[in-house]
Structure formats: structure tokens, C-alpha cells
Amino acid sequence: MLYYLYEYLTNHGIHIPGLGMLKYISFRAGMAVLFSLIIALVYGKRVINYLRTKQMGELVRDLGLDGQKQKEGTPTMGGLIIILATIIPVLLFTRITNVYIVLLLVSMIWMGAIGFLDDYLKKIKKNKDGLSGKFKIVGQVGLGLIVGVTMYFHPDITVKRKYADAKVVNRNNVEQNFMPTEKITVSTVPFAKNNEFDYSGILFWMNDKDAHEWAWIVFIPIVIFIVTAVSNGANITDGIDGLAAGTSVVILLTLALFAYLSGNIIFADYLNIMFLPNMGETTIFAVAMVGAVIGFFWYNTYPAQVFMGDTGSLMLGGVIAVLAIILRKELLIPVLCGIFLIENLSVMLQVIVFKYRKKKYGLEYAQNNRLFKMSPLHHHYQKEGFHESKIVNRMIIIGVILAIVCLITLKMR
């Protein structure tokens, strides 16, 4: 919004000292993260007090974990703090007509609404199961469909790839090192030479023209799967104070850096990566969300004054998935979102191993010989006697290591 004000005044010959800074993405990103952090810190307490007056306290099941029952009554739906603190600076500092910004805002509101409905049914309607699992899946699939269709058909979502011999094409005019703008379903393969993968290649039995024309048959279902998997992973990770928020900050910071580099043709040329036109604006969205999550983290660290609830966890996972997809970095998700992945896998493996042992050895044996003492994995470590603060801190450190590995892929291939 402020960018358009700058454009309007400049076009009318009005020059206000300092206003020219708004044309720089780096400046607007810095202002966005500052605003989002202040909004979350200042108004977060008010939101928490409001949720408390509305009796939006968490009902905690007795799982036999230390300190668990003391958390009963802690306000939930704290994801509203993140949403509020992100949307305001995004509207102020981004070019809101940018297709990527629209897609990210839709993703945030869409997944936030699904999570809010689940929390609302649990707390207001006293429905302990909340929103039915199949309705959550329908919502996640719906968002994946929107993202996939937009990515494939929208004319402003394009890619510029470097010529194979770009080093000798022109080092003075970097734009000439890149091929003409293309509308293709290409992604980045980490740790691989010539690391671009076109989804149309899966349709190997077709000729190139037909494969590109029908690539959406493969691309859209993959997008739906990624959105569903990552949002569920974030939802499962949100089990102890600060875990989902802390790990999400690391992931979002990494994606923000990828957005800035991929949206700048000079950095894209230097790093020999795809240049994504119009992508720079998403840097502002990503860092605004970083500030919002850090502000929320202030109140969510042990002992938590507020929980994000499904309103926050489903939304965080959904936005992270969409960010990775539009950045053509979705194949990095297993590494970058490694904490989400192992939390998800721990639940799946627990169920699979239990069913197998129950069938082979009987119910009593299966109950006494579980793969983990409890799933998700963070509860297993609680059962082992680790304090939840130590679990959170160590998982964040692991998340930082995984993020560094992802950043290394910019040059290591």
C-alpha cells in the first residue's frame, strides 16, 4: 500500500525526503519485520486476555506427562496473533497485487480459517473432537488445488533459466545470461548437478510438447500432497511450548533468503540458480511472518501463556508449504522441514509397529513393547525424562543445522 503511495506521488512530481526508500525490497522487508514484531508483542497480550475472558482455555488430556495438567486453562487460538501481526505489515509494505502475495494471503486466511473452525468447535461448542479429520483434509486439498492451478495457469508465474554457457554469453549484462521467460513446471533438485527437474519429465511416454501441455496432471496432485503433508506435520509438531513456533522461525528465515536471492537477477546469475520474476515481494511476506512468529514465541515459550492451536499450526504449515512451492524449492522440504517430517513419521511408525506386533504377538505384547514410549517424538523424550524446554531448544538447533544444509545447496551441486 505504501509502495503505491510512493509511486503515485512520484508520478505526480511530489518528492518527499526518505520516501524513495520504499522502492527497495530490503527496506520494506526490514520495516515489515519490525512492524510485525511490535504488533505481536504489543497486541499479543491483549489478544491473550481477550481469549481468556472468552474462556478459550485448553482442555488437556491426561497423558501421564510431567507438568501437563498445570497447562489446563491456558488460552488457545493464539495463531490469531500471528495472522494479525503478519497481514497488517504485508498490506502496508508489499505490492499487494503481486500474484505471489495474493496466493500467500489466501493460503494464510484459508488454513487459519480451517484451524479456527476446529478450535471453535472444541472450545465454544464443547465438541472434544473438533472439526472432523475428513473436513480438514478437504480444506487442505482445496488449498493445494488453488495453489497448483494458479502456479500452472497464471501468466505472471514464470521462470528464467540460465544458458548452459552463460559464463561466455555476457558477464556485463546479466539478463542476457538467462533464457527468455518460460511457463514451465520446473523445480530445484538439491545436491544434484544440472539440478533442475521438470515435472513434465514424469510423462516420459509423451513427446515434449504434449508432456508440457499435460504436466498439470502430475504437478497439481504433488502440490496437494505437499500442502497436506506439511500442514499436518506442523500441526503434530505443536505439542509442547514453543516447538512449532521456534522451528517455524528457522524455516521461514531460510525461505525468506531463498525468495530474496531467487527474485534478484544479479544474485541468481552469481549463484547460477533460476531467476523468478516478481518473487522478491515474497521476501517481505516471509520476514513479516518471521516477526509475527517471534512475537508470538515471546508468549509461547515455557511456561506458555498462550497456545497457537490449530488456528496457528495448520496455518503455519500451509504457508510454509506454499512458500516452498512458489520458490521451486519443494524438493528441499524433507530436509528444511525435517523436524515436521520426523514428528509425522514417529506417529505413523508407532501405529504401524503397534498393529504389526498386535497381529503377530497379541494385544498385551504390543501395548508393552511400543516403538516409542509415546508419539509424536517430543512426547517420547518427555517420557524419557527430558524437560520440554530442553527438547524444544535441541530441536531448534537441529532445525538450524538442517537450514544451513539447505543453504549450502545454493552452491554445492
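Check the entry above for the structure.
This structure is a prediction, so every number in the text was calculated from the model and none was measured. (Residues numbered from 1 in each chain as written. Predicted model: local features only at pLDDT ≥ 70, side-chain atom pairs only at ≥ 80, totals over all residues. Heavy atoms only, no water.)

## Examining the overall build of the chain
Secondary structure assignment for the chain yields 17 helices and 2 strands. Here the chain has a C-alpha radius of gyration of 23 Å; the compact-globule value for 413 residues is 22 Å, and the two agree. With respect to the three principal axes, the spread of C-alpha positions in the chain is 70 × 55 × 35 Å. Considering the chain as a whole, with its 413 residues, one finds that 51% of them fall into the buried category. Long-range pairs, those at least 24 residues apart, make up 72% of the contacts in the chain with a sequence separation of at least 6. (Helix = DSSP H or I, 4+ residues; strand = E, 2+ residues; numbered from the N terminus. Rg over C-alpha atoms; globule rule 2.2 N^0.38 Å. Buried < 20%, exposed > 50% of the residue type's maximum accessible area, 1.4 Å probe, protein only. Contact = heavy atoms within 4.5 Å.)

## Digging into the pattern of salt bridges
Per the stated rule, a full pass over the model turns up 7 salt bridges. One salt bridge connects Lys136 with Asp118, and the closest N-O pair in it is separated by 3.4 Å. Placement of the pair is Lys136 in helix H5 (residues 133–153) and Asp118 in helix H4 (residues 99–123), with a sequence separation of 18 residues. Here the two residues Lys136 and Asp118 agree in accessibility, since each one is buried. Taken together, the shared-partner salt bridges in this structure form one network comprising Asp118, Lys136 and Asp310. (Salt bridge = Lys/Arg side-chain N within 4 Å of Asp/Glu carboxyl O.)

## Some thoughts on a nonpolar patch on the surface
Residues Leu34, Phe35, Ile38, Val42, Tyr43, Leu84 and Ile88 make up a contiguous nonpolar surface patch of about 570 Å² in total accessible area. A total of 5 residues in the nonpolar patch trace back to one element, the largest contributor, which is helix H2 (residues 25–53). Mapping Ile38 onto the fold places it in helix H2. For Ile38, a relative accessible area of 45% corresponds to the partly exposed category. (Patch = residues over 30% accessible without salt bridge, like charges linked within 9 Å, V, L, I, M, F, W, Y side chains within 5 Å. Areas by Shrake-Rupley, 256 points an atom, 1.4 Å probe, with all protein chains shown as cover.)

## Examining the packing of aromatic side chains
All chains considered together, the criterion is met by 11 aromatic pairs. Residues Phe197 and Tyr199 carry aromatic rings whose centres are separated by 5.3 Å and whose planes lie at 75 degrees to one another, so their mutual orientation is edge-to-face. Owing to a relative accessible area of 29%, Phe197 belongs among the partly exposed residues under this scheme. On the basis of relative accessibility, which here comes to 2%, the residue Tyr199 falls in the buried class. Sitting above the plane of the Phe258 ring, Lys329 keeps its charged end 5.3 Å from the centroid. Positioned above the aromatic ring of Tyr270 is the side chain of Lys411, whose terminal nitrogen or guanidinium carbon lies 5.2 Å from the ring centre. (Phe/Tyr/Trp six-rings, centres within 6.5 Å; stacked < 30°, edge-to-face > 60°. Lys NZ or Arg CZ within 6 Å of the ring centre and 35° of its normal.)

## Overview of the state of the cysteines
Within this structure, the stated rule accounts for 0 disulfides. Among the cysteines around Cys337, which has no disulfide bond, Cys406 carries the closest sulfur, lying 8.2 Å off. We classify Cys337 as buried; its relative accessible area is 4%. (Disulfide = S-S within 2.5 Å.)

## As for the nonpolar core
Core analysis: the biggest nonpolar cluster contains 113 residues, and Leu255, Phe285, Met289, Met315, Leu323 and Ile326 have the highest contact counts within it. The contacts of Met315, once residues within four sequence positions are left out, are Gly79, Ile82, Ile83, Met108, Met111, Gly112, Met289 and Asp310. (Core = buried A, V, L, I, M, F, W, Y, C linked by side-chain atoms within 4.5 Å.)

## As for empty space enclosed by the protein
Take a probe with the size of a water molecule and roll it over the atoms, and the empty space left behind shows itself. Per the stated rule, a full pass over the model turns up 2 cavities of 30 Å³ or more. Within this model, the largest cavity holds a volume of roughly 130 Å³. Residues of the lining of the largest cavity, tallied by class, amount to 6 nonpolar, 5 polar and 4 charged. Forming the walls of the second largest cavity are Thr247, Val250, Ile251, Leu336, Cys337, Gly338, Ile339 and Gly399. Mapped by element, the contributors of at least two residues to the lining of the second largest cavity are helix H9 (243–262) and helix H14 (338–361). The dominant element in the lining of the second largest cavity, judged by the number of residues it contributes, is H9, at 3 residues. Of the residues that constitute the lining of the second largest cavity, the class distribution is 5 nonpolar, 3 polar and no charged. (1 Å grid on protein atoms, 1.4 Å probe; cavity = no way out; pocket = protein on both sides within 12 Å on 5 of 7 lines; lining within 4 Å. Points joined across faces, edges and corners; volume = space filled by probe spheres on them. Nonpolar A, V, L, I, M, F, W, Y, C, P; charged D, E, K, R; others polar.)

## Some words on the side chain of Asn344
Its location among the elements puts Asn344 in helix H14. In this structure Asn344 comes out as buried when scored by relative accessible area, which is 17%. Residue contacts for Asn344: discarding those within four places in its chain leaves Ala229, Asn232, Gly233 and Ile236.

## Quick notes on the environment of Leu276
Relative to the elements of secondary structure, Leu276 occurs in the loop between helix H10 (265–271) and helix H11 (281–300). For Leu276, a relative accessible area of 1% gives the class buried. Sequence separation between Leu276 and Met21 is 255 residues, and the spatial gap between their C-alpha atoms is 23 Å.

## Thoughts on the environment of Gly142
As for its placement among the helices and strands, Gly142 is situated in helix H5. The buried category is assigned to Gly142, whose relative accessible area is 18%. Taking the C-alpha atoms as reference points, Gly142 and Ile224, 82 residues apart in sequence, are found 7.9 Å from one another.

## Things to note about the packing of H9 against H11
Relative orientation of the contacting elements H9 and H11 amounts to 165 degrees, with a least axis distance of 9 Å. By the angle between their axes, H9 is roughly antiparallel relative to H11. By crossing handedness, the relation of H9 to H11 is classed as left-handed. Along its contact with H9, which presents Ala245, Gly246, Val249, Leu252, Leu253, Ala256, Ala259 and Tyr260, the element H11 presents Thr282, Thr283, Ala286, Val287, Met289, Val290, Val293, Ile294, Phe296, Phe297 and Asn300. (Axes fitted to C-alpha atoms, helices over the stretch in contact; angles between N-to-C directions. Parallel < 35°, antiparallel > 145°, perpendicular 65-115°, else oblique. Left-handed = near helix turned anticlockwise from the far one by under 90°.)

## Observations concerning H9
With 20 residues, H9 should cover 28 Å at 1.5 Å per step; its first-to-last C-alpha distance of 29 Å lies within 8% of that length. Among the 20 residues of H9, 17 are classified as buried, and the element is accordingly described as predominantly covered. (Expected span 1.5 Å × (residues − 1).)

## Description of the packing of helix H3 (residues 79–93) against helix H12 (residues 309–326)
Across the interface, H3 lies against H12 with an axial gap of 6 Å and an inter-helix angle of 50 degrees. Here H3 lies oblique to H12, going by the angle between them. Facing Gly79, Leu80, Ile82 and Ile83 of H3, the residues of H12 in contact are Thr311, Gly312, Met315 and Leu316.

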